[in-house]
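# Analysis of the macromolecular model
Listed below are the residues making up each chain.
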Amino acid sequence: MAAPFSLLVLCWTFRLSCTASTPEWFHNISTNLFNLSGDIMLGGLFPINLLTSNLSQRREPDNISCESINEHGLGLALVMKYAVDEVNANQILLPGIKLGYEIYDTCRQSAVVVKPTISFLTAKSNRVLSAECNYTDYETSISAVIGPYTSEMVSVIGKLMGFFLMPQISFGATSDKFSDKLLYPSFFRTVPSDKWQVEAIVLLLNEFQWNWVAVVGSEEEYGQRGVQEFSKIASNKSVCVAYQGLIPVYTDPQPAIKTIIDNIKATNVGVVVVFSLADPAEAFFKEVIRRNVTGVWIGSTSWTIHNRVTSLPDMQTIGTIIGFTDRLQTLDLLTAYTKELFLKLSEQSASSSPPPSKSGNPSNPCPQCWNLSPANISLVTQPVLQRTAFSVYAAIYSVAQALHNLLGCNSTACEWGPQTKIYPWKLLESLRNTSVDINGTHLVFDDDGNPNIGYNLVEWVWPDTNIEFVNVGSFYKQLDINKTRFSWHTPNSEVPQSTCSAQCGDGQVRRVKGFHSCCFDCIDCLPGTYQANMEDIQCTPCPSGQWSLNRSTSCTEPTFDVLYWDTAEALEMMLAGVLLLACQGAAGAVFLKHRGTLLVKASGGPQSFVALLSLMGACLSLLLFLGQPGDVVCRLQLPLTSISQTVALSIITSISLQIFYVSEFPKTAASHLHVLRGPGSWLFVLVCCTVQGGICVWFVKEGPSLSEYRATMKINFVRSFLACPVLPLAGLAVMQGFNSAMALLSFMCTFMAVKPLHQYNLARDITFSSLIYCVIWVTFIPIYIGLDDKNRSIVHVCFTLASNLGLVAAYYFPKCYLLLRKPELNTAEHFCTFLEGVPPTPAQEEPQTKTESEH
């Protein structure tokens with residue numbers, strides 16, 4: 001008797017110390033843990049015990065043994081009792097009405113959970129479940145069900161509850177399939193759906209650019225659905241699942257776990273997502289620790305803070321552990337309430353004998369609970385229960401609020417009487433439209449029965465020997481993380497890498513190898529294509545009018561260069577042009593000074609000045625090749641240059657024809673020479689210029705303007721030289737060919753001409769000048785064809801200057817030399833043949849021949 005008496009004294013002392021800080025109603029709570037009578041009854045399904053029998057040897061329906069206490073499930077059942085007692089004590093939501101409850105054990109077995117479910121569906125009047133044609137006026141003995149905890153259990157009873165439209169609020173079943181209101185019309189939950197958890201996990205992977213991961217789940221409803229949802233969403237977010245495995249729940253998991261770890265190591269992943277219940281996760285991580293596998297482990301809500309896993313020794317050796325927990329409040333009075341309850345139980349057990357224990361009695365799922373005392377307070381103080389208790393608490397308050405709305409309650413009374421019936425389908429309708437404020441949290445269900453609750457992201461850290469959970473982020477519709485709070489297991493605390501292939505560089509696309517889109521080779525984008533997005537597997541062609549270089553990430557409008565006045569090429573060409581103009585001007589000045597002499601008359605007289613001026617004009621027209629081109633400039637470039645040379649060449653050709661006529665037709669030359677040298681010569685020049693002008697007009701009309709050329713230009717460059725279009729190319733050939741034809745005609749007329757005895761050989765100057773001109777432009781053809789636009793312009797200017805220099809040097813310079821250095825030869829005797837048409841005689845040729853032989 002001494003021991004019970006001491007315990008009573010201890011309990012009374014403890015109660016006195018706590019009275020000042022606890023609500024008054026704590027002193028009136030019932031010690032009935034699993035059954036409480038009331039006006040409106042709620043059913044509770046909790047995993048209070050663990051399976052202790054072998055299901056494979058089950059031969060009778062009741063041959064199931066669940067006798068090992070599951071502390072977490074028992075703690076959650078105590079939370080339901082606390083919430084119901086608080087609602088009854090405060091009388092705010094349901095004044096004048098007492099809530100009752102019946103709490104049963106699910107043992108996490110489908111064969112166990114069905115029995116209490118059937119009892120919930122019995123008629124309130126006689127506790128019998130009968131077959132009815134119409135269940136509209138059927139009042140069940142239980143008005144709403146709280147639980148069960150796991151998705152596996154909900155999948156067993158959810159459709160049956162849905163048939164009766166009985167409100168069912170789970171505090172732990174997170175499988176997204178229960179959001180289907182066609183299959184589960186009466187299902188609600190106070191924890192987020194796994195769909196959002198999977199979405200949060202994938203966003204976390206993307207945040208750290210982990211795209212090569214493995215996923216492991218428990219082989220039951222929760223784990224299988226989680227793995228499936230993760231694989232589906234991950235593939236849409238550019239995350240590759242290198243391997244996925246399932247941990248058996250109802251058979252020995254060890255062989256499967258060893259295979260899973262072998263495959264994780266073989267795939268060389270750095271991140272593993274574990275979507276499992278706590279028990280399979282415990283077995284899995286034991287083997288991970290034993291085999292010293294390290295990496296980043298991302299946990300689901302079911303095991304992230306569960307003591308079955310957190311208490312494993314050496315967990316800090318396997319790397320970084322990150323997990324999601326439901327973002328719920330803690331219940332400040334739960335611990336104090338439970339202490340008060342356990343004190344009452346201690347008093348009761350000290351003063352009475354234990355009730356008879358009957359194995360498998362559903363009305364008393366925990367016979368051992370008769371011995372509960374304040375020493376067992378850890379049932380509700382463990383972190384895993386502290387973080388999950390609110391979901392049970394919120395479920396009770398949601399039902400209470402729905403009853404409040406259904407019964408039209410106010411602060412003092414409800415529309416309640418002896419004949420009032422609570423039909424499940426009516427309560428369900430009220431629950432669908434219910435929102436409730438619970439300790440500052442506004443809870444509301446969406447159309448799928450899901451709450452407006454998100455997740456906390458926590459990381460496991462060991463500042464000393466004890467584990468701590470550090471909040472590093474949260475998720476509700478979007479992921480928010482604080483990267484500075486992460487502690488990585490890698491050297492220098494760098495973010496671990498988990499990719500199949502290294503990230504491609506700018507301007508590269510991925511060529512997938514194998515079955516996974518995250519395993520790829522990087523291929524350079526060729527010119528004319530670009531990398532539009534980081535995940536592209538093909539280069540995107542540039543739009544019309546744009547181009548790109550090798551390994552580009554965008555296309556650009558082309559940039560054009562021109563022969564600007566200050567470039568080296570332009571300065572060199574202008575210097576050459578100035579020097580040539582100086583030479584031409586000097587020759588013109590000499591001819592002008594001696595314009596009345598016979599040599600100038602024999603060289604063409606006024607026409608020699610016209611030819612010289614046209615050559616100077618040809619030099620000046622080359623300035624059109626410099627600077628920014630335009631439509632007008634491009635129309636004038638080649639025609640001005642060509643027709644300027646045509647004037648000079650036509651004059652030289654006219655003189656060549658005169659020499660030919662004098663040499664080949666000496667008898668008639670004297671009588672017609674004045675006509676040929678006068679009007680005939682000018683007419684010939686006019687005809688040649690007219691023909692060349694017609695060619696130029698045709699060339700300008702047939703060819704495109706610069707604007708038209710640019711509009712139709714095929715863009716296959718980023719930077720290029722812009723020159724006036726030489727189109728059609730045949731036009732340039734005809735224009736230059738006409739000039740070359742005149743030069744060739746001049747050469748043929750003078751090459752074989754007889755040299756007059758003791759006279760100036762005018763034919764020789766024309767022969768050399770025309771030959772030089774022809775050679776230059778024949779050489780021009782192959783060089784010009786093989787060059788780009790910029791060099792074509794430069795070469796055309798250079799060859800034009802060279803041909804002009806050839807004409808001036810061969811035709812004018814010898815005559816200037818004679819005028820300046822040997823003026824005594826500028827007499828009638830030296831030019832009579834070409835001026836008067838008098839041919840040389842054979843007698844006159846012999847002395848010349850003799851003189852030459854003597855020399």
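Everything discussed here concerns the structure shown above.
Report on the accompanying structure. (Residues numbered from 1 in each chain as written. Predicted model: local features only at pLDDT ≥ 70, side-chain atom pairs only at ≥ 80, totals over all residues. Heavy atoms only, no water.)

### Focus on a nonpolar patch on the surface
A grouping of Val114, Ile118, Leu129, Val156 and Leu160 is seen on the molecular surface, where their side chains present a nonpolar patch of about 330 Å² in accessible area. For Leu160, a relative accessible area of 36% gives the class partly exposed. (Patch = residues over 30% accessible without salt bridge, like charges linked within 9 Å, V, L, I, M, F, W, Y side chains within 5 Å. Areas by Shrake-Rupley, 256 points an atom, 1.4 Å probe, with all protein chains shown as cover. Salt bridge = Lys/Arg side-chain N within 4 Å of Asp/Glu carboxyl O. Buried < 20%, exposed > 50% of the residue type's maximum accessible area, 1.4 Å probe, protein only.)

### Regarding the pattern of salt bridges
The full count for this structure, using the stated rule, is 19 salt bridges. Taking the shortest distance from any N to any O, the salt bridge between Arg127 and Glu102 comes out at 3.5 Å. Of this pair, Arg127 sits in the loop between helix 3 (110-120) and strand 6 (144-146) while Glu102 sits in strand 5 (residues 99-105), placing them 25 residues apart in sequence. Given the relative accessible area of 11%, Glu102 is considered buried. Lys232 is the salt-bridge partner of Glu229, the closest N and O atoms lying 3.7 Å from each other. Here Lys232 and Glu229 lie together in helix 6 (residues 221-236), a separation of three residues that amounts to about one turn. For Glu229, a relative accessible area of 11% corresponds to the buried category. Salt bridges here are not isolated pairs; linked through shared partners, they connect Arg108, Asp279, Glu282, Lys286 and Arg308. (Helix = DSSP H or I, 4+ residues; strand = E, 2+ residues; numbered from the N terminus.)

### Observations concerning the sheet that holds strand 13 (residues 319-326)
The strand order across the open sheet formed by eight strands is 10-9-11-12-13-16-17-18, and the pairing between neighbours is mixed. Each end of this open sheet is capped by a strand with a single partner; those strands are strand 10 (240-247) and strand 18 (479-481). Taken over all neighbouring pairs, the strand axes of this sheet differ in orientation by 25° on average, direction set aside. Helix-sheet contacts for helix 7 (residues 254-267) involve strand 9 (212-218), strand 10 and strand 11 (271-275), and the interaxial angle to strand 10 is about 170°. (Pairing = 2+ DSSP bridges. Axes fitted to C-alpha atoms, helices over the stretch in contact; angles between N-to-C directions. Contact = heavy atoms within 4.5 Å.)

### Considerations on the packing of aromatic side chains
One pass over the structure, following the stated rule, counts 45 aromatic pairs. Here the aromatic rings of Trp777 and Phe799 are separated by 6.4 Å at their centres, their planes lie at 50°, and the arrangement is tilted. In this pair, Trp777 is assigned in helix 21 (residues 762-785) and Phe799 in helix 22 (residues 789-821), connecting sequence segments 22 residues apart. Take Trp777 and Phe799: they sit in the same class, and that class is buried. Taken together, Trp25, Phe26, Tyr82, Tyr337, Phe390, Tyr393 and Tyr397 form an aromatic cluster joined through their ring pairs. Stacked on the ring of Phe188, the Lys or Arg Lys181 has its end atom at 5.8 Å from the ring centre. Just above the ring of Tyr784 sits the side chain of Arg792; from NZ or CZ to the centre is 4.8 Å. (Phe/Tyr/Trp six-rings, centres within 6.5 Å; stacked < 30°, edge-to-face > 60°. Lys NZ or Arg CZ within 6 Å of the ring centre and 35° of its normal.)

### Structural notes on the environment of Glu67
When you line up the elements, Glu67 lands in the loop between strand 3 (49-50) and strand 4 (68-69). Overall, the relative accessible area of 44% leaves Glu67 in the partly exposed class. For the pair formed by Glu67 and Gly528, sequence separation is 461 residues and the distance between their alpha carbons is 74 Å.

### A few points about the packing of helix 2 (residues 71-90) against helix 12 (residues 383-406)
Helix 12 packs onto helix 2 with a crossing angle of 40° between their chain directions and a minimal axis gap of 9 Å. Judged by the angle between their axes, helix 2 and helix 12 are oblique. As helix 2 runs across helix 12, the sense of the crossing is right-handed. Counted together, His72, Gly75, Leu76, Val79, Met80, Tyr82, Ala83, Val84, Glu86, Val87 and Asn90 of helix 2 and Val384, Leu385, Thr388, Ala389, Val392, Tyr393, Ile396, Tyr397 and Ala400 of helix 12 form the full contact between these two elements. When the residues that make up the contact of helix 2 with helix 12 are grouped by side-chain class, the tally is 15 nonpolar, four polar and one charged. (Parallel < 35°, antiparallel > 145°, perpendicular 65-115°, else oblique. Left-handed = near helix turned anticlockwise from the far one by under 90°. Nonpolar A, V, L, I, M, F, W, Y, C, P; charged D, E, K, R; others polar.)

### Section: unusual backbone geometry
Here the residue pair Gly147 and Pro148 is connected by a cis peptide bond, since its omega of -5° sits within 30 degrees of zero. As for its placement among the helices and strands, Pro148 is situated in the loop between strand 6 and helix 4 (151-164). The omega torsion across Leu727 and Pro728 is -5°, close enough to zero to call that bond cis. Its place among the elements puts Pro728 in the loop between strand 24 (719-721) and helix 20 (729-751). The phi dihedral of Leu165 is positive, around 55°, even though this residue is not glycine. Within the secondary structure, Leu165 sits in the loop between helix 4 and strand 7 (168-170). Phi at Lys477 is positive, roughly 70°, even though this residue is not glycine. Tracing the backbone shows Lys477 in the loop between strand 17 (468-475) and strand 18. With a relative accessible area of 69%, Lys477 lands in the exposed category.

### Examining the state of the cysteines
Tallied over the full model, the rule gives nine disulfides. At a sulfur-sulfur separation of 1.9 Å, the disulfide partner of Cys500 is Cys519. Given an S-S torsion of about 110°, the disulfide between Cys500 and Cys519 has right-handed geometry. Of this pair, Cys500 sits in the loop between strand 18 and strand 19 (508-512) while Cys519 sits in the loop between strand 19 and strand 20 (520-524); the two residues are 19 residues apart in sequence, bridging distant segments of the chain. Judged by relative accessible area, Cys500 falls into the partly exposed class, the value being 30%. Residue class for Cys519 comes out buried when judged on its relative accessible area of 9%. Across the disulfide from Cys525 sits Cys539; the S-S distance is 2.2 Å. Torsion about the S-S bond of the Cys525 and Cys539 cystine: about -95°, corresponding to left-handed handedness. Residue Cys525 is located in the loop between strand 20 and strand 21 (529-530), and its partner Cys539 is located in the loop between strand 21 and strand 22 (540-541); the two are separated by 14 residues in the primary sequence. By relative accessible area, Cys539 is classed as partly exposed at 23%. (Disulfide = S-S within 2.5 Å.)

### Concerning the nonpolar core
Phe46, Met80, Leu94, Ile146 and Tyr393 are the most contacted members of the largest nonpolar core, which totals 70 residues. The next biggest cluster of nonpolar side chains, apart from the first, holds 60 residues, and it includes Phe591, Leu649, Phe738 and Ala763. (Core = buried A, V, L, I, M, F, W, Y, C linked by side-chain atoms within 4.5 Å.)

### Description of the sheet that holds strand 7
Sheets are built from strands that pair by backbone hydrogen bonding, the pairs being arranged parallel or antiparallel. Spatially, six strands are ordered 1-5-2-6-7-8 in an open sheet, and the strand pairing comes out mixed. Looking at strand neighbours, the two that pair on one side only are strand 1 (35-36) and strand 8 (187-189), the edges of this open sheet. With three bridges connecting them, strand 2 (residues 40-46) and strand 6 associate as parallel partners. What sits directly across from Gly44, in strand 6, is Ile146.

### Details of the side chain of Ser614
Mapped onto the secondary structure, Ser614 falls in helix 16 (residues 606-621). Overall, Ser614 belongs to the buried group, its relative accessible area being 9%. In this structure the side chain of Ser614 is engaged in a polar contact, spanning 3.3 Å, whose partner is the backbone oxygen of Ser644. (Polar contact = N/O pair within 3.5 Å; in protein donor to acceptor, adjacent residues only side chain to side chain.)

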